[in-house]
Amino acid sequence: MFAYRHGFHAGNKADVFKHSVLTAVLMRFRAKEKPFLYFDSHAGAGFYKLDSEWSIQTGEAAGGIGVLLGSSAPGSSTGSAEGTESLPPVPPAVEAYKKLCMRFYGKGFYPGSPEIAASLSRPGDSLVLCELHPSEIAVLRQNMKGVNSRDFPPDFPCGTGSSGRGNIHIHYRDGFEAVTGLLPPGGSLPKRGFVLMDPSYELPSDYKNVSEVVPRAVSKWNTGIFIVWYPLVGRRMKQVEKMKKSLSDSLSACFSGIRSPSVNSGEREEPFFFSELEFAGKDDGGMYGCGLLVVRPQWNFAGEVREINGYLRSVFSRRF
């Protein structure tokens, strides 16, 4: 478990999809003045150096955020932006995410989910960040200390200028335990909000924990939105499919037996849906894509995710 460090994979295609959708959710919560809570069960380090030995070793950022921004990651060869003339319109959330990333990317960094949430939060909002890795938690605490000093211009999409960010609470705690132990939010924490759960899935137990914890947490926080990321890995597809079926069955029972189709298969508003983005071949048994489960989506959010998914599929398909 402690061998996994997200710095090797920061800014890859899976991050681009996950964080584009995260930005979309944050923009929707910001549309109302009422404060919101962002709960991150596996927060990682907050943001990452793209010119680090780890990042350069894998080169994954160059093929992910580097492609989206039209250039390669620091320390790598420069990419081109051929074929972009026929791309579909950029979804607003992806455009906001790109502008946020540019402010870090130009300095050799990539913002993780805590940094994205902090950058798009307001003084009345709250962030609860959980991390169990003994090295990552120290880096996360250090990185989050500088949140209020990172200024954004007035025209930044959903930005806050220099007015400050939300209240940040960091827990050195297992995310699976925390999501049921700390929710629903109590005390001074906002009662409206959402959870991002994205464990590494390096351990086989992660699949089982997601299957068991998510339905319990959904039942405990009966107004919270839940976003669960998972990898599509060829050699572990049986585990992925078993996890998805377990989640679908449990959540269907939770929502009076209503089963949600894939986001691409229907227009009905559903209590939960899955959306998957494939960006590589399946033959080598490695990770060929990733998926998101969204529980209690906001109105027409499935349609927004479908647009984000389609746009990113178009972007990444030009680099095969």
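Details of the structure are given in the entry above.
This one's a predicted model, so the numbers in the text were calculated from it and none came from an experiment.

Engineer: Teacher, can you tell me more about helix α5 (residues 92-105) here?
Structural biologist: Note that an α-helix has 3.6 residues per turn; residues three or four places apart therefore point the same way. Here α5 is 14 residues long and its end C-alpha atoms lie 19 Å apart, about the 20 Å a rise of 1.5 Å per residue gives. Residues of α5 that are buried make contact with α1 (13-30), α4 (65-69), β3 (109-111), α6 (113-119) and α11 (301-317).

Engineer: Explain the pattern of salt bridges here, please?
Structural biologist: Close approach of charged atoms allows side chains with opposite charge to pair. Overall, the coordinates contain nine salt bridges when judged by the stated rule. Where aspartate 198 meets lysine 18, a salt bridge forms, and the shortest distance between an N and an O atom there is 2.7 Å. Placement of the pair is aspartate 198 in the loop between β6 (193-197) and α9 (204-220) and lysine 18 in helix α1, with a sequence separation of 180 residues. Of the two residues, aspartate 198 and lysine 18, neither departs from the other in class, the shared state being buried. Across the pair lysine 244 and glutamate 276 runs a salt bridge, and its minimum N-O distance is 2.6 Å. Here the residue lysine 244 occupies a position in helix α10 (residues 237-254), and glutamate 276 occupies one in strand β8 (residues 272-278), the gap between them amounting to 32 residues. Three or more residues are tied together by salt bridges with common partners; here these are Asp15, Lys18 and Asp198.

Engineer: Just checking my understanding: could you explain the packing of α1 against α5 for this structure?
Structural biologist: At a closest axis distance of 8 Å, the pairing of α1 and α5 adopts a crossing angle of 110°. With respect to each other, α1 and α5 are oriented roughly perpendicular. Contacts between α1 and α5 involve Asp15, Val16, His19, Ser20, Thr23, Ala24 and Met27 from the first element and Pro92, Ala93, Val94, Ala96 and Tyr97 from the second. Its residues assigned to classes, the contact of α1 with α5 comprises eight nonpolar, three polar and one charged.

Engineer: What should I look at first to understand the packing of α9 against α10 in this one?
Structural biologist: Describing two packed helices takes the angle between their axes plus the distance from one axis to the other. As a packed pair, α9 and α10 sit with axes 10 Å apart at the nearest point and diverge in direction by 10°. Comparing the axis directions of α9 and α10 gives the class roughly parallel. Along its contact with α9, which presents Pro204, Tyr207, Val210, Ser211, Val214, Pro215, Val218 and Ser219, the element α10 presents Gln239, Val240, Met243, Ser246, Leu247, Ser250, Leu251 and Cys254. Counted by class, the contact of α9 with α10 contains 11 nonpolar, five polar and no charged residues.

Engineer: How should the sheet that holds β8 be read in this particular structure?
Structural biologist: Within the open sheet, the seven strands sit side by side as β5-β4-β1-β6-β7-β9-β8. Their pairing is mixed. Each end of this open sheet is capped by a strand with a single partner; those strands are β5 (167-172) and β8. The mean angle between the axes of side-by-side strands here comes to 15°, regardless of whether they run parallel or antiparallel. Where strand β4 (residues 126-131) and β5 come together, six bridges link them in parallel fashion.

Engineer: Please explain the side chain of glutamate 131 as it appears in this structure.
Structural biologist: Within the fold, glutamate 131 resides in strand β4. Separated by 3.5 Å, the side chain of glutamate 131 and the backbone nitrogen of alanine 43 make a polar contact. At 2.7 Å, the side chain of glutamate 131 forms a polar contact with the backbone nitrogen of glycine 44. For glutamate 131, the residues in contact, after removing those within four places along its chain, are His42, Ala43, Gly44, Glu136, Ile137, Leu140, His171, Tyr172 and Arg173.

Engineer: So what exactly am I meant to see when it comes to the packing of aromatic side chains here?
Structural biologist: Aromatic ring pairs are defined here through the distance separating the ring centres and the angle between the ring planes. In the structure shown here, the tally under the stated rule is 10 aromatic pairs. With a centroid separation of 6.2 Å and 45° between ring planes, the pair formed by phenylalanine 47 and phenylalanine 104 is classed as tilted. Here phenylalanine 47 is found in strand β2 (residues 47-49), whereas its partner phenylalanine 104 is found in helix α5, with 57 residues between them in sequence. Accessibility classification places phenylalanine 47 together with phenylalanine 104 in one group, the buried group. The side chain of lysine 13 reaches across the aromatic face of phenylalanine 316, ending 5.6 Å from its centre. Above the face of the phenylalanine 274 ring, lysine 244 is positioned so that its terminal group lies 5.7 Å from the ring centre.

Cut-off values and rules
Residues numbered from 1 in each chain as written. Predicted model: local features only at pLDDT ≥ 70, side-chain atom pairs only at ≥ 80, totals over all residues. Heavy atoms only, no water. Helix = DSSP H or I, 4+ residues; strand = E, 2+ residues; numbered from the N terminus. Expected span 1.5 Å × (residues − 1). Contact = heavy atoms within 4.5 Å. Salt bridge = Lys/Arg side-chain N within 4 Å of Asp/Glu carboxyl O. Buried < 20%, exposed > 50% of the residue type's maximum accessible area, 1.4 Å probe, protein only. Axes fitted to C-alpha atoms, helices over the stretch in contact; angles between N-to-C directions. Parallel < 35°, antiparallel > 145°, perpendicular 65-115°, else oblique. Nonpolar A, V, L, I, M, F, W, Y, C, P; charged D, E, K, R; others polar. Pairing = 2+ DSSP bridges. Polar contact = N/O pair within 3.5 Å; in protein donor to acceptor, adjacent residues only side chain to side chain. Phe/Tyr/Trp six-rings, centres within 6.5 Å; stacked < 30°, edge-to-face > 60°. Lys NZ or Arg CZ within 6 Å of the ring centre and 35° of its normal.

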